[in-house]
Amino acid sequence: MAILNVDRLSKHFGGLLVVNDLSFELNEGEILSIIGPNGAGKTTVLNLLTGINPPDSGDIHFQGQSIVGLQPHQITKLGMARTFQTLRLFLNMSIIENVMSAAYPHTKKGLFDIIFRTSGWRKEEAQIRALAQESLSFFGERLVGYRFDQPAYSLSYANRRRLEIARAMATKPKLLLLDEPAAGMNPKETLEITELIGQLRDKGYTILFIEHDMNVVSGISDRVIALDYGQKIAEGSYQEVVENERVIEAYLGRKQSVWTKA
Amino acid sequence: MNKISKSLLVLLLLFTLGAGVASAAAPVFQDGGQEYIVQADDWLSKLADKNYGDVLAWPIIWEATNAKAAEDDSFAVIENPNLIEVGQKLWIPDTGAAEAMMGDRESKAGINIKIGFMGPLTGGAAFLGQEQLNFAKTAVQLFNERTGFNVQVTEGDTEINPDTGKIVAERFIADDSVYAVVGPAGSQVCEATQPVFEAAGMVQITPSCTRISLTDPGTATFFRPVPHDGLQGPTDANYMMNVLGVTSAYLVDDQSSYSTGLTDEVEAALTAAGATVERASVTQQDTDFSSLVTTIVASNPGVVFFPGQISSQLGTLAAQLQEQSYGGTYFLADGGFDISWVDTAGEAAEGTYLSFFAPDPHFVLQARDLTTRYEAQYGDYGAFGGPSALSTNVVLGAIERCFNADNLTRACVVEETAATNLADSVLGIPVSFGAGNQINGGEFFIFQVQDGNFVLVQ
Amino acid sequence: MDQLPQTIINGLTLGSVYALIALGYSMVYGILKLLNFAHGDVYMIGAYIGYAVLVVLVPSTGPLLPIPIIILVMFLFAMVGCSILGVAIERFAYRPLRNAPRIAPLISALWVSFVLQNLIQLTISPRPLSYGSGTLIPVNSGINLGGDLRIHTARVLVIGTTIVMMIALTYFIRSTKWGRAMRAVAMDIDAAAMMGVDVNRVIVVTFIVGSALAGVAGVLVGIVFFSIQHTMGFLAGLKGFTASVVGGIGSIPGAVAGGLLIGMAEAFASVYISVTFKDAVAFLVLVIVLLIRPGGLLGRLLVQKV
Ligand SMILES: Nc1ncnc2c1ncn2[C@@H]1O[C@H](COP(=O)(O)OP(=O)(O)O)[C@@H](O)[C@H]1O
Ligand SMILES: [Mg+2]
C-alpha cells in the first residue's frame, strides 16, 4: 500500500524550474532511493514534502491525506521526519537534548503544568528522556552513556550524522526522509550507515533515501528514481536505473564522477 | 455666523417688536442704554436674560461696561465677569445698541486670526507643554467670549528640540493668519527660534524660557513677561545663606541649558559669598539617583540644590536623600512648583524649598476665572500654565488694539506688544516691557513644602 | 563614611532591573533575530498596570489587603497584562513582517513604541505618576548592615525577586520542553520545525515570558524608585538592550551578567568618577567588552548557517 503519493509536483525558484512535473509513489516498508547529480532538485523535493517550501502545483498525499499547505511541524506530527544534507543539529545543546527536543509533537503538557510542576508533567519529561535514550541506543555504543550530556558540537562528523538520524527517529515517524546521510563519510562509515538504514527498514520505517552517489544506494534500495533538472528520467530497480542511457548521460554530461566518491 | 448670535438676533427682534420689559429699579436712561446697580444675587447672565431674554448675551453688558469705564470714572472695569459686586455700576445697552454690538461681534468673529503656540507636547516634558497649551487656549476662549473675536490657537510640538522648534516656527510664519506666537519652553529652543521670528517680524512671547541672554541684548520681536535667571540665582543663593544659614552646598544640574545656566548663577553667588560648593550633572532621563546620593551624603552639605524640570526626578531624589539619611535642606527651582513630585516623595518632600518665577494661579484671585474654566475642561494644573495665559493675554491685547486701529498686521502687533502697559494681569502682576523686551520688575517667589502643599515664604 | 557597600547595593538594585529587561531583549533576539524596541515600553506598561492595582487596592483609607498580597497581585496583573500585550505586539506588528527585510520589523517596533507612549500620555497622563514613597514599604524599614549602612526593604525586594525570576527562568529554559523548543528554534528555526516544534507557539511563549519579566521589572521600579512616566521605557530599554549585548545577545545568563555589569558600572562611575559620566561609562563598558569579546561576555559568535 502506498504511504506517500506524489502527484505532478512542480516548483520553480525565480526563472529556474527545480522540480518539474514529478510523480512517484512510496510503499509502506520500502526503501526508495532518489538519485541525481548535484543540483538535480533532490533536496528541494524533500523541502516540498516536509512543508518548508510550498509547491507551485501538484499534490502530495501522506497516508491518504493531502499535506500540501500544512506547516512543517504539522507534517512531522503526522509521521514524517527528515535529516538534512547540510547537518542542522542544535549544536549548543547536549546530545540527549537534541533528541529530546524532537519529542515535542507527542507531548501534551502546557505552560500551566510546567509552572506548577504537576506530576503529569514530570512523568512526561521522564518519558521523553526514555524515548531519547532508546533512539540513541540504536547506534550502539557511539552515542550512549557518558556522552548523553556532552554538547553536540563535540561530536565527530560521522557521529553528528548518526545523531541527526536518532533525532529524526524520536519524532516517532512512519516515513524517514534521509538527505544524503553518508555525505562526507569515509567508505567504512558509509557502509555502516547503509547497513543501519537497512536495519531501520527492518524495524518498520519506510525510507526515502536521497543520494547523489549511485554506489551508496546500490545494496539497499528496493527501488530507485533518477532525477535530472527536476524531472524523473528513470525509475525501476537499481540495475535498471544505472544502466539507463539518460541516467548515464545526465551524470557524464555534467562531467561528474559517478562511480567514485569525491 | 455662530448659533449663539443667531438665536440672540431672533430674540432681539422679538423684543423690539414687542413691548419690552421695563426694569422695576427705576434706572437712569441715557443714550443707547441704561445704568444699573448690581443687586444681591445678580449675575451678568441673569441680567442678560432679563434685558434681552438670552442668558448668552452677557458679554455685551461686560464689554459695554468696560467701554464705559474707559471714559467714565464712576464705572469700574470688570476683570472677571464671574465676579461682580453688589453696588457696582453696570452699563446695559438698549436693544438697538446691543444689536449693533452683536453685529460688531459677528464681523469680528468672521476674521481669521490665529495665535501660534509652540512647546513640548510629547515626550518627558509634555505635561508642561500641554499645560501651557491648554492655558493659552483657555485664555483665548475667554478673550473670544469677551470681545467677540474668533481667535484660534494653532499648535506645534517642539519636542524640546531646537531643530524641531525651527521647523514649527517656519510653519507659523508661513501661515498669514498667525499674528503672534506664544512659546516655546526650554531656553535652547527659544534661542534657536528667536532669530527666525526676528527675520519674519513676528511677535514671539515665551512663558518659560529664562536664560538671561534671550533678552540681553534681545531682539525686537522676542518678549519675556517672566523674570530671568539673573534674578533667580542671587535670590536663591541669598535665601540659602542668609535665611537658611548654610555654608556648604551640593549643586546638581540636569544638563539642560536652563538648568546649567541657573546652577552657574547660584554657584557664582554662593562662591562669592564664601560658601563651599560641589557640583554634579545628571540627565533628564535618569530614574535613579542612589549613587549620586551616596556621594552627597559622604560630603554632607547644608543644602542640595537641584533645578530639575522633570518632576518625577525631583521626587526620586528627595526620597533617596531620605533613604540614605541626608540631614540637610533640599532646594529646587521652578520645576519644583508641581505638586506631583510632592506626592511622589511623600514625607521626604516636607520642608523642601523652591524658587519660582511666577505665582501659583491657584492662589491668584485675578486668575480665578481662568483657572475655573481650565479645571472644568482639562482638570488639575500646576504652575506653568499661568505665565502662558499671561503671555497669551498680552498678545491678544496687542492684536485687539491693532484691529481697533484698523491696522491688523504683524508689524503693528510687534509695536503694540512692546507698548503693553497693564496695571494688573491674570497673574496679579503689572506688565510692561523694558530693555530687550524683558518684563519690568519681575521677581522670584520662594515657597516651602509644608503638609504636602506649597507655602509662600518670601 | 565608606561608600563602597552602599555603592554595591545601588549597583545591584539598578543591575537587577536592567537584567530583567535585558532578558526579554535577549530571548526575542535569540529566537527571531529581531531587536524588539517596543520592549522598553512593555516594561513601562507593566509599571502602569502595577500603579492601577495599587490605586485600587490602596485607597486613601488604607490598604485593603496585607501589603505582601498587594505586591503579589501587582506582579501578577503586570505579568499577565504585559504578556497579553507582548503577544499582541508579536501577532500584529512582527509576525506579518517575518519574511520581510530586517529593517521592516524594526520600524514597526518603533511604531509600537510610539503608540504605547502616546496612548499612556493621552489616556492616563503626560505627568509622572507616583507609587508613593512609603505607601507599600515603610520608608525606614530595611535591614541594618552595621553602622550607618542600611539596605532598604524595597531594594531587598528588587534584588530578591530578580534572583527568584532568574532561577525560575533558568530552570524553564534548561529543563522543560518549552525551554528546549525555544533553544532549538533559536539555533535553527527550520530544523526545529522539522522536529515537530510548533515555531509560532514557541515564539508566542517567548514573548509571554519576556514580557512578563518586563512587567515585573516595571512594578519593581515603581516600588523602589517611586515614580513612573510614559517615557520611562526609552532609556531603560536602551540600557536593557546594552546589557543584553554586553552579556552576549541571545544568551540568558549573559543578559543577567550584562545587566549586573552595567548597573554596577553606573553605580561605581557615579560615586568614584562623577555622576555626570555614568551613562558614558556604561556605554564604555559595552565598547570594551565588544572589543575583547565581540560576541559579548557569555555569547558565542555562531557561524551563520548556510
Ligand atoms: N531556496 C532556493 N532558492 C533559490 N534556488 C534554490 C533554492 N533551493 C534550491 N535552489 C536551486 O534549485 C536547484 C536544485 O537544488 P537542490 O534541490 O538543492 O539540488 P540537489 O539536492 O539535487 O543537489 C539548484 O540549482 C539550487 O541552486
Ligand atoms: Mg541536495
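About the thresholds
- Residues numbered from 1 in each chain as written.
- Chains lettered and ligands numbered in written order.
- Predicted model: local features only at pLDDT ≥ 70, side-chain atom pairs only at ≥ 80, totals over all residues.
- Heavy atoms only, no water.
- Pairing = 2+ DSSP bridges.
- Helix = DSSP H or I, 4+ residues; strand = E, 2+ residues; numbered from the N terminus.
- Contact = heavy atoms within 4.5 Å.
- Axes fitted to C-alpha atoms, helices over the stretch in contact; angles between N-to-C directions.
- Disulfide = S-S within 2.5 Å.
- Near = heavy atom within 4 Å.
- Polar contact = N/O pair within 3.5 Å; in protein donor to acceptor, adjacent residues only side chain to side chain.
- Nonpolar A, V, L, I, M, F, W, Y, C, P; charged D, E, K, R; others polar.
- Phe/Tyr/Trp six-rings, centres within 6.5 Å; stacked < 30°, edge-to-face > 60°.
- Buried < 20%, exposed > 50% of the residue type's maximum accessible area, 1.4 Å probe, protein only.
- Patch = residues over 30% accessible without salt bridge, like charges linked within 9 Å, V, L, I, M, F, W, Y side chains within 5 Å.
- Areas by Shrake-Rupley, 256 points an atom, 1.4 Å probe, with all protein chains shown as cover.
- Salt bridge = Lys/Arg side-chain N within 4 Å of Asp/Glu carboxyl O.
- Lys, Arg positive; Asp, Glu negative; His and termini not counted.
- Charge placed at Lys NZ, Arg CZ, Asp CG, Glu CD.
- Donors = N, O, S within 2.8 Å, 3.2 Å for Na, K, Ca; no water.
- Domains from an automatic or database assignment.
- Buried area = accessible area lost by both parts, 1.4 Å probe.
- Expected span 1.5 Å × (residues − 1).
- Bend = angle between axes of the 7 residues up to and from the residue.

1. Let's talk about the sheet that holds strand β8 (residues 222-223) of chain B
Residue and element names in this part refer to chain B.
Logical step 1: Within the open sheet, the 5 strands sit side by side as β5-β4-β6-β7-β8. Their pairing is parallel. In this open sheet, the two edge strands, each paired with only one partner strand, are β5 (152-157) and β8.
Logical step 2: The pairing of strand β6 (residues 178-182) with strand β7 (residues 203-205) spans 3 bridges and is parallel. Note that in β7 the partner of V181 across the bridge is Q204.
Logical step 3: Lying over the sheet, helix α14 (residues 385-404) contacts β4 (114-119), β6 and β7, oriented at roughly 160 degrees with respect to β6.

2. So, the state of the cysteines
All names here are of chain B.
Logical step 1: One pass over the full model with this rule turns up 2 disulfides over all chains.
Logical step 2: At a sulfur-sulfur separation of 2.0 Å, the disulfide partner of C190 is C209. Negative torsions about the S-S bond denote left-handed disulfides, and the value of about 85 degrees found for C190 with C209 makes this one right-handed. Of this pair, C190 sits in helix α7 (residues 187-200) while C209 sits in the loop between β7 and β8, and the two are 19 residues apart along the sequence.

3. Some points on the site of ligand 1
Residues and elements named next belong to chain A.
Logical step 1: Residues in contact with ligand 1, as listed here, are F13, L16, V18, P37, N38, G39, A40, G41, K42, T43 and T44.
Logical step 2: K42 has a polar backbone atom sitting 2.8 Å from an oxygen atom of ligand 1.
Logical step 3: Within the side chain of T43, a nitrogen or oxygen atom sits 2.7 Å from an oxygen atom of ligand 1.
Logical step 4: Those elements that place two or more of their residues in the shell around ligand 1 are β2 (16-27) and α1 (42-49).
Logical step 5: Of the residues belonging to the shell around ligand 1, the class tally is 5 nonpolar, 5 polar and 1 charged.

4. Re the packing of aromatic side chains
Residue and element names in this part refer to chain B.
Logical step 1: Overall, the coordinates contain 29 aromatic pairs over all chains when judged by the stated rule.
Logical step 2: Each ring, one from F75 and one from W91, has its centre 6.4 Å from the other, and the planes form 85 degrees; the classification is edge-to-face. Pair noted here: F75 is in the loop between α3 (58-71) and β3 (89-93) and W91 is in strand β3, with a separation of 16 residues, a long-range link. One exposure class covers both F75 and W91, and it is buried.
Logical step 3: Taking 4.9 Å as the distance between ring centres and 80 degrees as the angle between the ring planes, the aromatic pair formed by F149 and F403 counts as edge-to-face.

5. Observations regarding a positive patch on the surface
Logical step 1: A cluster of like positive charges, contributed by K77(A), K108(A), K172(A) and R201(C), occupies part of the molecular surface.
Logical step 2: Secondary-structure assignment places R201(C) in helix α8 (residues 199-225).

6. As for the coordination of the magnesium ion (ligand 2)
Logical step 1: Taken together, the protein donors to the magnesium ion (ligand 2) comprise T43(A) (OG1) and Q85(A) (OE1), at separations of 2.0 Å. Pair noted here: T43(A) is in helix α1 and Q85(A) is in the loop between β6 (80-82) and α3 (95-100), with a separation of 42 residues, a long-range link.

7. Notes on the domain arrangement of chain B
How big an interface is tends to be stated in terms of the accessible area lost upon association of its parts.
Logical step 1: Partitioning chain B into structural domains gives domain 1 (28-108), domain 2 (111-226 + 363-441) and domain 3 (230-356).
Logical step 2: When each unit is reduced to the centre of its C-alpha atoms, the spacing between domain 1 of chain B and domain 3 of chain B is 51 Å.

8. Here's the deal with the pattern of salt bridges
Logical step 1: Across all of its chains, the model carries 37 salt bridges over all chains by this definition.
Logical step 2: A salt bridge links D286(B) to K278(C), with the nearest nitrogen and oxygen atoms 2.4 Å apart. On the criterion of chain membership, the pair formed by D286(B) in the loop between β10 (276-281) and α10 (290-299) and K278(C) in helix α11 (residues 278-292) is interchain, its members lying in two chains.
Logical step 3: Using a relative accessible area of 6% as the deciding quantity, one classes D286(B) as buried.
Logical step 4: With relative accessibility at 5%, the residue K278(C) sits in the buried group.
Logical step 5: Among the charged side chains, a network of salt bridges with common partners joins D286(B), K239(C), E266(C), K278(C) and D279(C).

9. What to know about the interface of chain A and chain C
Logical step 1: Taken together, the contacts link 34 residues of chain A with 29 residues of chain C.
Logical step 2: For the pair chain A and chain C, the summed buried area comes to about 2800 Å², and 64% of that belongs to carbon and sulfur atoms.
Logical step 3: One can count 5 salt bridges joining chain A with chain C.
Logical step 4: Ionic pairing is found between R88(A) and D188(C), a salt bridge with its closest N-O pair at 2.7 Å.
Logical step 5: If you look at where chain A meets chain C, you find 6 residue pairs in polar contact (both at pLDDT 80 or more).
Logical step 6: For the side of chain A that touches chain C, the secondary structure elements donating two or more residues are α2 (72-78), α3, α4 (111-116), α5 (119-137) and α6 (157-169) of chain A.
Logical step 7: Examining the composition of the side of chain A that touches chain C, we find that 4 residues originate from one element, α5(A), more than from any other.
Logical step 8: Across the side of chain A that touches chain C, the residue classes break down as 16 nonpolar, 9 polar and 9 charged.

10. Here's the deal with α7(B)
Residues and elements named next belong to chain B.
Logical step 1: Taking 1.5 Å of rise per residue, the 14 residues of α7 would be expected to cover 20 Å, and the 20 Å separating its terminal C-alpha atoms lies within 8% of that figure.
Logical step 2: Maximum bend of α7: about 30 degrees, positioned at T193, with proline P195 one to four residues after it.
Logical step 3: Within α7, the full set of buried residues consists of S187, V189, C190, A192, T193, Q194, V196 and F197.
Logical step 4: Where α7 is buried, its residues meet β4, α6 (162-174), β6, β7, β8 and α9 (257-272).
Logical step 5: Backbone geometry just downstream of α7 places G201 in the positive-phi region, at approximately 65 degrees.

11. Topic: the sheet that holds strand β8 (residues 206-211) of chain A
All names here are of chain A.
Logical step 1: Taken together, 6 strands build an open sheet; the order of strands is β6-β7-β8-β3-β9-β10 and the sheet is mixed. In this open sheet, the two edge strands, each paired with only one partner strand, are β6 and β10 (231-236). Sheet twist, expressed as the average angle between the axes of neighbouring strands with direction ignored, equals 20 degrees.
Logical step 2: Of the pairings in the sheet, the one linking strand β3 (residues 31-35) to β8 comprises 5 bridges and is parallel in character. Pairing of L32 across the sheet is with L208, part of β8.
Logical step 3: Sheet strands in contact with helix α7 (residues 187-202) are β3, β7 (175-179) and β8, and its direction is about 155 degrees off that of β8.

12. Digging into the interface of chain B and chain C
Logical step 1: Contacts between chain B and chain C engage 40 residues on the former and 31 residues on the latter.
Logical step 2: Carbon and sulfur atoms supply 53% of the area buried between chain B and chain C, which totals about 2900 Å² over both sides.
Logical step 3: Across the contact surface, chain B and chain C share 2 salt bridges.
Logical step 4: Every element with two or more residues in the side of chain B that touches chain C is listed here: α5 (126-147), β10, α10, α11 (311-323) and α12 (339-345) of chain B.
Logical step 5: Tallying contributions element by element places α11(B) first for the side of chain B that touches chain C, with 7 residues.
Logical step 6: A per-class count over the side of chain B that touches chain C returns 11 nonpolar, 22 polar and 7 charged.

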